[in-house]
Amino acid sequence: MNLLNEILQTILSGISVGCIYGLIALGFVMIFKATEVINFAQGELMMVGAFIAFSLISFFHLSYWTTLLLTTLIMALFGMIIERVVLRPLVGQPIFSLVMVTIGMMIFFKSVVSMIPFWGTDTYGFGTPFTEKLVRYNEIIVSWEHLSIIILTLLLILALFIFFRFTKMGVAMRATSQNQLAAVYMGISVNRVFSLTWVISAILGGFAGILLSPITFVHMNMGLIGLKAMPAAILGGFYSIPGAVVGGLIIGVTESLAGAYLPIGWKDVAAWIILILVLVIRPYGLFGTELKKKV
Amino acid sequence: MPLLKIRNIETYYGPIMAIKGVSLDVEEGSIVTILGANGAGKTTILKTISGVMDPEKGSIEFLGQSIEGLAPDKIVRMGISHVPEGREVFEELTVKENLIMGAYLRNDRAEIRQDLKTMYNYFPVLGERTAQQAGSLSGGEQQMLAIGRALMSRPKLLLLDEPSLGLSPILMQEIFQIIKRINSEQKTSMLIVEQNALMALTLAQHGYVLELGRIVLEDSCKELMENEDIKEFYLGVKEESIRGTKRWKRKKKWR
């Protein structure tokens, strides 16, 4: 029973970290689908979100839920500004330049955060309503912290699903990512779609930051986790929204199990081993399909 | 006053001048066709009208207002809708979602629902497959979807780019009949670009012949069908004469 409990907890904490990989991977996929750019600054968006949440809680003494809401709004604005100021002037330029720009943003955000007073290069943390609370069911003990990450991620994904399936703007965003020229013929403003894509990606990043901070701490380099969300996105096929989430979960659970039951060091390569195995069997990723065109 | 009035437009693909001073009119409620070989610039004219490409020179007037250089969404809003070459449906959206995207700029929900029914009436196949992904439709069904989608914006002028491309003769007939029906029932004016000259000339009232970016001939379709050059070069009617054997030697009258 004890071993079972242990495995269960390992898996659960893997799922909760996997949710965060999934959220960041979702950010990658959203931007890639719309603009064919891989946004290397996605992890840094999460870092900025975490710092904003940390400031709101520690300096302004706002409640967790207010912070969640406010951070989402600030990140939305942040995403909009990035798109308008940095990316829109580059429309029509080679994709490679755009990718380089996102790498530049990654470094820029890190430097700026390290220069801001009270942020800097130190490590911070903040408490949440879920800190150090446990859920007991017979002998199985689960921490609320992990459970809350899973529940909040599910809610966010549900909201995204509803947006993309049932709202006109959501359908228009899917349409634009499938056929940009046809979207233009429909009168869809591609600029607005791109802007909204960045807004949603920034929100996803900020959300991931708030969820991750209580279990890892807020730090300038926390965006490096984006490097682990990348295999999650690739695993899912890089074109698929459910794929990104499932990819994140697989990477998270594997990593957690490898960390608990394999020698030190395996934890960090586990994700990549899984990635290589899956790509050998399915080169397009789990949810990806070969691109076909009907003539 | 014509619904659409184009005067001397010149459009470039980079350094290449694709349209070299084209003028044409579309009267309200009429069907007008542009004939021409591959690469004559037919598609470019349509793209210039719908604002996807901007003309370097010349003017385009729609409902008396000049629209050249406007953003595509403004042009859709004014009442011009484009059925692009090769259909270009949103493959991973359902049939219904595709149609709803056609009405993207409209906000009158009840009437959009009404128009959806009208489209299913024109294209019963689409009504049977509302929840099916557009990419899984056959070529003909996709063409119907593309036309229906364009009509969902309630256009006054419909631009049709090669609606018969890649379709079987029977399907082609069917599509053209529906186009005719829509024109007479909805009073939608149409500008059709076609390689199938016989079809286009039967359907339209007025025709223009485009060669290498220039209009070389314009007339009513009745007259055009009697024209010797059109007969020979576009309709493929062979006359009993020595000319047939020395076809390459003969110059078209307009050159």
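Each value, and the rule that gives it
- The written sequence of each chain sets the order in which its residues are numbered from 1.
- Working convention: letters from A go to chains and numbers from 1 go to ligands, in the order in which they are written.
- Confidence filtering applies because this is a predicted model: local features only for residues at pLDDT of at least 70, side-chain atom pairs given and counted only at 80 or more, and all residues used for totals across whole chains, interfaces and linings.
- Each side-chain value is worked out from all heavy atoms of the structure, with water and hydrogens disregarded.
- Any residue with relative accessible area above 30% and no salt bridge may belong to a patch, with like charges joined within 9 Å and the nonpolar Val, Leu, Ile, Met, Phe, Trp and Tyr side chains within 5 Å.
- Where accessible areas are quoted, they stem from the Shrake-Rupley method and a 1.4 Å probe; at the residue level, only the protein chains shown are allowed to cover.
- Criterion for a salt bridge: a side-chain nitrogen of Lys or Arg within 4 Å of a carboxyl oxygen of Asp or Glu.
- Residues counted as positive are Lys and Arg, residues counted as negative are Asp and Glu, and His and the chain ends are not counted.
- By convention, the charge on Lys lies at NZ, on Arg at CZ, on Asp at CG and on Glu at CD.
- Numbered from the N terminus, helices here are DSSP runs of H or I no shorter than four residues, and strands are runs of E no shorter than two.
- In this scheme, a residue with accessible area under 20% of its type's maximum is buried, one over 50% is exposed, and one in between is partly exposed, where area comes from a 1.4 Å probe on protein chains only.
- We call a set of buried residues a nonpolar core when its members are Ala, Val, Leu, Ile, Met, Phe, Trp, Tyr or Cys and they connect through side-chain atoms within 4.5 Å of each other.
- Any two residues whose heavy atoms approach within 4.5 Å are treated as being in contact.
- Any two strands with at least two DSSP-identified bridges between them are counted as paired.
- Axes here refer to lines fitted to C-alpha atoms; in helices the fit is confined to the stretch in contact. Angles between the N-to-C directions go from 0 to 180 degrees.
- Geometry of aromatic contacts follows a simple scheme: Phe, Tyr and Trp rings, the Trp one being its six-membered ring, pair when their centres are within 6.5 Å, and the pair is stacked under 30 degrees between planes, edge-to-face over 60, tilted otherwise.
- Distance and angle both matter: a charge sits over a ring if NZ of Lys or CZ of Arg is within 6 Å of the ring centre and within 35 degrees of the ring normal.
- Confidence of the predictor in every single residue is expressed as pLDDT, which spans 0 to 100.
- Any pair of N or O atoms that falls within 3.5 Å is considered a polar contact. Within protein, one atom must be able to donate a hydrogen and the other to accept it, and sequence-neighbouring residues count only if both atoms are side-chain atoms.

Participant: Looking at this structure, I do not really get a negative patch on the surface. What am I missing?
Facilitator: Residue and element names in this part refer to chain B. Side chains of Glu-218, Asp-219, Glu-223 and Glu-226 sit close together on the surface and give a patch of like negative charge. For the negative patch, the secondary structure elements donating two or more residues are β10 (214-220) and α9 (221-226). With respect to the element layout, Asp-219 can be found in strand β10. Residue class for Asp-219 comes out partly exposed when judged on its relative accessible area of 32%.

Participant: Before we go on, may I ask you to explain the nonpolar core in this structure?
Facilitator: Across soluble globular proteins, you tend to see nonpolar side chains buried next to one another. By size, the foremost hydrophobic cluster in this structure holds 90 residues, and its most contacted members are Ile20(A) and Met101(B). Counting residues per element, this core draws most heavily on helix α1 (residues 2-35) of chain A, which supplies 13 residues. Look past the residues within four positions of Ile20(A) in its chain and what remains in contact with it is Met46(A), Ile149(A), Ala208(A), Leu211(A), Leu212(A), Ile215(A) and Ile225(A). Of all hydrophobic cores here, the second largest spans 45 residues; its members include Ala103(B), Tyr120(B), Tyr122(B) and Ile179(B).

Participant: Before we go on, may I ask you to explain the sheet that holds strand β1 (residues 4-13) of chain B in this structure?
Facilitator: Strand pairing in a sheet takes place through backbone hydrogen bonds and is either antiparallel or parallel in direction. Residues and elements named next belong to chain B. The antiparallel open sheet is built from four strands, whose spatial order is β2-β1-β4-β5. Of all the strands in the sheet, just β2 (16-26) and β5 (65-66) have a single pairing partner and so form its edges. Of the strand pairs in this sheet, β1 and β2 are connected by eight bridges, and their pairing is antiparallel. Bridge pairing links Glu-10 to Lys-20 in β2. Packed onto the sheet, helix α1 (residues 42-49) meets β1, β2 and β4 (57-62) and runs at close to 110° relative to β1.

Participant: Looking at this model, I keep getting lost on the packing of aromatic side chains. Mind explaining?
Facilitator: What characterises a pair of aromatic rings is the spacing of the ring centres plus the angle enclosed by the ring planes. Evaluated as defined, the whole model comprises 15 aromatic pairs over all chains. Measuring from ring centre to ring centre gives 5.3 Å for Tyr64(A) and Trp65(A), while their planes differ by 80°; the resulting arrangement is edge-to-face. Look at Tyr64(A) and you get buried, because its relative accessible area is 8%. With relative accessibility at 46%, the residue Trp65(A) sits in the partly exposed group. Aromatic ring contacts, followed pair by pair, group Phe51(A), Phe54(A), Phe59(A), Phe118(A), Trp119(A) and Tyr124(A) into a single cluster. Lying over the aromatic face of Tyr104(B), Lys168(A) brings its terminal NZ or CZ to 5.5 Å of the ring centre. Over the ring of Phe90(B) we find Arg149(B); its NZ or CZ atom is 4.9 Å from the centre of that ring.

Participant: In this structure, what is going on with the confidence of the model for chain B? I would like to understand it.
Facilitator: Parts of the prediction with low pLDDT should not have their coordinates interpreted in detail. Looking at chain B, the pLDDT average stands at 90 and 93% of residues meet or exceed 70. Helix α3 (residues 95-102) of chain B holds the highest mean pLDDT among the elements of chain B, 96, whereas helix α10 (residues 228-233) of chain B holds the lowest, 83.

Participant: Whenever I open this one, the environment of Asn39(A) confuses me. Can you help?
Facilitator: Residues and elements named next belong to chain A. By the element assignment, Asn-39 lies in the loop between α1 and α2 (42-58). Here the alpha-carbon distance between Asn-39 and Ile-103, two residues 64 residues apart in the chain, equals 7.6 Å. For Asn-39, the contacting residues outside a window of four places in its chain are Phe-28, Ile-31, Leu-45, Thr-102, Met-105 and Trp-198. At a separation of 3.0 Å, a polar atom in the side chain of Asn-39 contacts the main-chain amide nitrogen of Ala-41. Here the side chain of Asn-39 touches Gln-42 through a polar contact of 3.1 Å, side chain to side chain.

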